[in-house]
Amino acid sequence: MDQGRSHRIRRRLLSLAHFIGLFLAMSLICLPGLWVVLNSFRPTVEIMAKPPVWIPTELNLDHYRAMFGGIGEGGVPVLTYFLNSLVISLTSTVIALLVGMAGGYAFARYRIPGKGAIFVTLMVTRAVPGVALSLPLFILFGRLGIIDTHFGMILVYVALNVPSTIWLIDGFFRQVPKELAEAAEIDGCTRWQAFWKVEFPVARAGIASAGIFAFLTSWNEYALASQLTRSLNSKTMPVGLMDFTSQFTLNWGGMCALAVLMIIPALLLTFLVQKHLIAGLTFGGVKG
Amino acid sequence: MYRLRLPPWLVLLTPAFVVLLMVIAIPLVLSFYSSFTAFQLTRPETITRWNGSFNYKKALSDVYFWSAFGRTLLLVTVALNLEMLLGLGLALMVAKVTRGQRLLRTMMMFPMMFSPILVGFQFKFIFNDNVGLLNNALQSLGLTDIAIPWLVDGHLAFIAIVTAEVWTSTSVFAILILAGLFAIPQDPVEAARVDGCTPWQTFRYVTLPFLMPFIYIAMAIRSLDVARAYDIVQVMTAGGPARRTELLWTLIGRTGYVDARMGYANAMGYIAILLSIVFTVYFFRKLTTARTSLGMGD
């Protein structure tokens with residue numbers, strides 16, 4: 001009897017500790033981000049106040065208004081940046097998925113000489129940071145005349161995303177039994193039909209998770225975009241953040257407002273596909 | 001009519017090869033060539049001035065290069081271990097939750113949506129000695145009344161950078177480990193419980209070995225990312241003050257673009273990439289062994 005009670009107390013304490021731990025962890029994860037959101041609504045005087053103002057006395061949309069306003073009033077061409085980012089990220093994600101699906105399917109279904117070596121080489125391309133590529137790419141793209149174009153940026157982001165896309169999708173196609181496609185072919189499908197009607201639907205979750213990673217990479221990339229985009233033609237939002245800095249000062253409130261605009265689409269997309277994300281990583285990454 | 005027949009896998013892989021050749025391989029060959037020349041960004045004609053392995057010898061005897069190298073190595077070690085432990089803890093806690101888990105998982109991934117450049121600015125502000133969130137909080141709580149120079153002191157700045165890295169990327173470990181926790185077959189876990197294992201023993205000898213492949217994948221991905229860390233550090237401290245937080249790529253970026261010594265910068269870049277490759281191969285080996293021991297190998 002006594003033992004049962006102390007057991008119960010222990011269990012309750014454990015679940016309390018679990019709750020507190022989870023709460024603390026989530027606060028640490030979310031607070032720095034929410035702080036950015038909060039600052040985008042506060043007047044600059046209050047953000048910079050010393051002693052600090054902890055409870056906001058005034059919330060307004062001034063930073064947003066200024067951002068969307070004319071050039072003279074501290075406005076930045078956010079809408080153009082947003083559209084550039086959206087076009088470049090979405091197009092490059094779709095192309096990277098198509099290229100990655102072809103590559104991943106090849107790795108999963110055919111005997112390829114030197115498969116392991118090709119695979120590691122693909123991954124090693126990830127070791128090269130944007131700073132190292134930006135100058136040679138600038139020279140190369142300059143010769144080809146595709147600097148400061150959507151096409152150039154899309155090409156770059158497809159290349160950045162293809163290795164990890166192939167990696168994730170390959171693991172996923174391997175989960176689909178070969179017999180399934182073979183059965184479809186016996187039933188009169190062509191190989192192409194068998195792929196779209198049988199194998200593709202089964203591997204959809206893996207493709208979704210590869211897609212979200214590709215999108216986030218392109219959406220957030222800075223080092224290459226800052227060198228290869230010059231004007232409103234192709235400047236993306238991460239590069240646009242720099243418009244809020246000048247040599248010695250930094251318009252923090254305005255920067256936060258643009259940051260919020262950057263986060264919302266990413267948040268929406270992640271929330272929509274996050275169920276697939278977990279499943280995709282499970283199969284794609286590890287069992288592959 | 002004669003028709004060239006390529007093996008189907010080659011046809012399928014061709015688009016990938018073409019894109020990677022254009023954007024990664026050709027630039028790399030260009031910069032590899034220039035690492036053997038005295039190429040200066042401000043004088044384009046210097047790209048033809050061959051000086052053999054001079055740049056490499058210079059890098060290998062450069063004190064600044066080696067201290068940046070050591071600091072990068074330290075950052076990779078500290079950040080990766082912290083992220084692994086925190087990610088494991090987070091994943092275990094989230095996996096236990098039954099209601100509202102979908103929301104928690106999305107919250108968990110919140111930092112991943114922040115652009116590295118934004119994370120840099122964000123933590124630059126949090127750690128600002130005058131108006132930063134952290135010092136304000138410490139002072140309001142009465143823990144200190146001095147302005148702690150977070151981004152000025154070398155050691156403190158290193159801590160600040162580690163914090164920023166850990167904040168953005170613990171979720172990578174957390175989701176991968178969470179994915180692993182969902183995939184664990186329940187039979188061995190129950191068998192261990194029936195056999196009288198304590199929860200700790202079950203975790204240590206059944207759950208953890210199963211999670212190892214997931215952890216190694218996260219390690220492989222993140223070691224590459226941290227070894228090429230640039231955006232966050234560049235914004236927070238730019239390697240300064242006085243090179244106290246210099247990492248490999250901030251040093252390389254500055255040598256190439258600010259000092260305009262591109263040939264020398266590229267030589268250092270190649271040594272840095274070699275370091276990353278060593279990490280990747282190491283974790284890939286670990287991954288393969290862990291997979292084989294679980295019977296999931298090829």
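### Regarding the overall build of chain B
Then comes step 1: Scanning chain B from N- to C-terminus turns up 12 helices and 0 strands.
Then comes step 2: Walking chain B from its N terminus toward its C terminus, one meets helices and strands in the order α-α-α-α-α-α-α-α-α-α-α-α.
Then comes step 3: The dimensions of chain B, computed from C-alpha atoms along their principal axes, are 85 × 75 × 35 Å.
Then comes step 4: Within chain B, the fraction of its 298 residues that count as buried is 44%.
Then comes step 5: Taking contacts inside chain B between residues at least 6 apart in sequence as the whole, the part at least 24 apart equals 66%.

### Remarks on the overall build of chain A
Then comes step 1: On a plain count of helices and strands, chain A comes out with 13 helices and 0 strands.
Then comes step 2: Moving toward the C terminus, one meets the helices and strands of chain A in the order α-α-α-α-α-α-α-α-α-α-α-α-α.
Then comes step 3: For 288 residues, the compact-globule estimate of 2.2 N^0.38 gives 19 Å, and the C-alpha radius of gyration of chain A, at 24 Å, exceeds that figure by more than 25%.
Then comes step 4: Taken along the three principal axes of its C-alpha coordinates, chain A extends 85 × 75 × 35 Å.
Then comes step 5: Burial analysis of chain A (288 residues in total) assigns 43% to the buried set.

### A short note on the interface of chain B and chain A
Then comes step 1: On the chain A side, the residues contacting the 67 residues of chain B number 67 residues.
Then comes step 2: It is helix α1 (residues 8–34) of chain B that contributes the most residues to the side of chain B that touches chain A, 16 residues altogether.

### What to know about the domain arrangement of chain A
Residue and element names in this part refer to chain A.
Then comes step 1: Along its sequence, chain A is organised into domain 1 (2–60) and domain 2 (67–287).
Then comes step 2: For the side of domain 1 that touches domain 2, the secondary-structure elements that each account for two or more residues are α1 (2–39) and α2 (44–47).
Then comes step 3: Ranked by residues supplied to the side of domain 1 that touches domain 2, first place goes to α1 with 3 residues.
Then comes step 4: Of the residues assigned to the side of domain 1 that touches domain 2, the class counts are 3 nonpolar, 3 polar and 1 charged.

### Re the packing of helix α7 (residues 154–183) of chain B against helix α9 (residues 199–227) of chain B
Residue and element names in this part refer to chain B.
Then comes step 1: The interhelical angle for the contact between α7 and α9, taken along N-to-C directions, is 150°, at an axis separation of 9 Å. With respect to α9, the element α7 is oriented roughly antiparallel. Between α7 and α9 lies a crossing whose hand is right-handed. When α7 is examined against α9, the residues E165, S169, V172, F173, L176, I177, A179 and G180 are found in contact with a partner set consisting of F210, L211, F214, I215, I217, A218, I221, R222 and V226.
Then comes step 2: A per-class count over the contact of α7 with α9 returns 13 nonpolar, 2 polar and 2 charged.

### Focus on the confidence of the model for chain B
All names here are of chain B.
Then comes step 1: Of all residues in chain B, 97% have pLDDT values of 70 or greater, and the mean over the chain is 83.
Then comes step 2: Mean pLDDT across the elements of chain B ranges from a minimum in helix α6 (residues 133–140), with 81, to a maximum in helix α3 (residues 63–96), with 90.
Then comes step 3: Across the interfaces of the predicted complex, the ipTM metric reaches 0.82, alongside a pTM of 0.84.

### What to know about the packing of α3 of chain B against α9 of chain B
Residues and elements named next belong to chain B.
Then comes step 1: For the pair α3 and α9, the least separation of the axes is 10 Å and the interaxial angle reads 145°. Handedness of the crossing formed by α3 with α9: right-handed. Facing α3, whose interface residues are T72, L75, V76, A79, L80, E83 and M84, α9 presents I215, M219, R222, S223, V226 and A227.
Then comes step 2: In terms of residue class, the contact of α3 with α9 is made up of 9 nonpolar, 2 polar and 2 charged.

### Re unusual backbone geometry
Then comes step 1: Within the chain, D148 of chain A stands out as a residue other than glycine whose phi angle is a positive 60°.
Then comes step 2: Following the sequence through the fold, D148 of chain A ends up in the loop between α6 (130–144) and α7 (150–175).

### Description of the environment of S15 of chain A
Residues and elements named next belong to chain A.
Then comes step 1: Along the chain, S15 falls in helix α1.
Then comes step 2: Take S15: there are 11 C-beta atoms within 10 Å of it, and that puts it in the exposed class.
Then comes step 3: The spacing of S15 and R126 is 111 residues in sequence and 42 Å in space, taken between C-alpha atoms.

### Brief notes about the nonpolar core
Among soluble globular proteins, nonpolar side chains are generally buried collectively.
Then comes step 1: Ranked by size, the top nonpolar core spans 150 residues in total, and within it V156 and A159 of chain A together with I177 of chain B carry the most contacts.
Then comes step 2: Broken down by element, this core gets its largest block of residues, 15 residues, from α7 of chain A.
Then comes step 3: In this structure, this core is formed jointly by two domains, domain 1 (2–60) and domain 2 (67–287) of chain A, each of which donates at least three residues.
Then comes step 4: Leaving out residues up to four positions away in the same chain, V156 of chain A has contacts with L137, L224 and L228 of chain A together with V23 of chain B.

### Structural notes on the environment of D62 of chain B
Then comes step 1: Structurally, D62 of chain B is set in the loop between α2 (54–60) and α3.
Then comes step 2: Taking the C-alpha atoms as reference points, D62 of chain B and R99 of chain B, 37 residues apart in sequence, are found 56 Å from one another.

### Remarks on α1 of chain B
Then comes step 1: With 27 residues, α1 of chain B should reach 39 Å at 1.5 Å per residue; the first-to-last C-alpha distance of 37 Å fits that figure.
Then comes step 2: The principal kink in α1 of chain B, of about 50°, is found at L21 of chain B.
Then comes step 3: Within α1 of chain B, the full set of buried residues consists of L12, L13, A16, V19, L20, V23, I24, P27, S31 and S34 of chain B.
Then comes step 4: Against the buried residues of α1 of chain B lie α4 (78–109), α6 and α7 of chain A together with α12 (262–293) of chain B.

### Here we look at the environment of Y33 of chain B
Then comes step 1: For Y33 of chain B, the location among the structural elements is in helix α1.
Then comes step 2: Sequence separation between Y33 of chain B and D62 of chain B is 29 residues, and the spatial gap between their C-alpha atoms is 21 Å.

Cut-off values and rules
Residues numbered from 1 in each chain as written. Chains lettered and ligands numbered in written order. Predicted model: local features only at pLDDT ≥ 70, side-chain atom pairs only at ≥ 80, totals over all residues. Helix = DSSP H or I, 4+ residues; strand = E, 2+ residues; numbered from the N terminus. Buried ≥ 20, exposed ≤ 12 C-beta atoms within 10 Å, placed from the backbone. Contact = placed C-beta atoms within 7 Å. Rg over C-alpha atoms; globule rule 2.2 N^0.38 Å. Domains from an automatic or database assignment. Nonpolar A, V, L, I, M, F, W, Y, C, P; charged D, E, K, R; others polar. Axes fitted to C-alpha atoms, helices over the stretch in contact; angles between N-to-C directions. Parallel < 35°, antiparallel > 145°, perpendicular 65-115°, else oblique. Left-handed = near helix turned anticlockwise from the far one by under 90°. pLDDT = per-residue confidence, 0-100. Core = buried A, V, L, I, M, F, W, Y, C linked by C-beta atoms within 7 Å. Expected span 1.5 Å × (residues − 1). Bend = angle between axes of the 7 residues up to and from the residue.

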